[in-house]
Amino acid sequence: EVSFRKKHPWIFNRQIEKKNHFRNGDFIQICSKDTDKIEGVGIFSNGGLISIRIIYFCDNFSIQEIHRLVAESIAKRLSLLEVTDSLRWIHGESDFFPGITIDMHGSTLVVMVYSDSLLKYARYVSRILFFQLGKIKSPYADAFPYFSFS
């Protein structure tokens, strides 16, 4: 619980008492031992040292929050298109998408997932990214016609 309070994005296998209630890829609400108050949301992994990757530290997780986090990631890096057509749009834990990175090389997005428990979530995040990139009004539109910058 100490590492969670410090906003560490992982809960390790040895820190969980009852694992057999969950399936690989399940979304889990994380509650305080003392109050049963929801304090975050994570994705369960039944293999490896990391059992839960925290995707949100709060009790008000929503689909809109995922969209907002993707938009923030794009905004941080959009100016890099002035100098390159290869960049990392999603930086895993640094962008609050633990275990997922999404790179762009030319007009191709490359999604990397570091646990099979994250496949569905990574697919969803990459679709949001692709959709949001397509809506950007950018002076670099000619360089990236596939994304339909307008």
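Refer to the structure presented above.
The notes below deal with the structure included here. (Residues numbered from 1 in each chain as written. Predicted model: local features only at pLDDT ≥ 70, side-chain atom pairs only at ≥ 80, totals over all residues. Heavy atoms only, no water.)

We now examine helix H3 (residues 119-135). Helix length check: H3 (17 residues) gives 25 Å between terminal C-alpha atoms against 24 Å at 1.5 Å per residue, within 8%. Residues of H3 that are buried include every one of Tyr 121, Ala 122, Val 125, Ser 126, Ile 128, Leu 129, Gln 132 and Leu 133, and no others. Projected down its long axis, H3 carries its buried residues within an arc of 160 degrees, all on one side. In this structure, H3 carries Lys 120, Arg 127 and Lys 135 as exposed residues pointing more than 90 degrees from its buried face. (Helix = DSSP H or I, 4+ residues; strand = E, 2+ residues; numbered from the N terminus. Expected span 1.5 Å × (residues − 1). Buried < 20%, exposed > 50% of the residue type's maximum accessible area, 1.4 Å probe, protein only. Arc of directions from axis to C-beta.)

Attention shifts here to the nonpolar core. Counting 23 residues, the largest nonpolar core has Val 70, Trp 89, Phe 97, Ile 100, Tyr 121, Val 125 and Leu 129 as the members making the most contacts within it. Elements with a minimum of two residues in this core: strand S3 (38-44), strand S4 (50-56), helix H2 (63-77), strand S5 (86-91), strand S6 (100-105) and H3. Element by element, the count of residues in this core is highest for H3, at six residues. (Core = buried A, V, L, I, M, F, W, Y, C linked by side-chain atoms within 4.5 Å.)

Counted according to the given criterion, the structure contains four aromatic pairs. Aromatic pair Trp 10 and Phe 12: ring centres 5.9 Å apart, planes at 90 degrees, arrangement edge-to-face. A residue is classified by how much of its surface remains accessible, and Trp 10, at 26% relative accessible area, is partly exposed. You can call Phe 12 partly exposed: its relative accessible area is 25%. Each ring, one from Phe 97 and one from Tyr 121, has its centre 6.3 Å from the other, and the planes form 40 degrees; the classification is tilted. Of this pair, Phe 97 sits in the loop between S5 and S6 while Tyr 121 is found in helix H3, placing the two residues 24 residues apart along the sequence. Residue Phe 97 is classed as buried on the basis of its relative accessible area, which comes to 0%. Under the relative-accessibility criterion, Tyr 121 is labelled buried at 4%. Each residue in the set Phe 27, Phe 97 and Tyr 121 is aromatic and connected to the rest through ring pairs, giving one cluster. (Phe/Tyr/Trp six-rings, centres within 6.5 Å; stacked < 30°, edge-to-face > 60°.)

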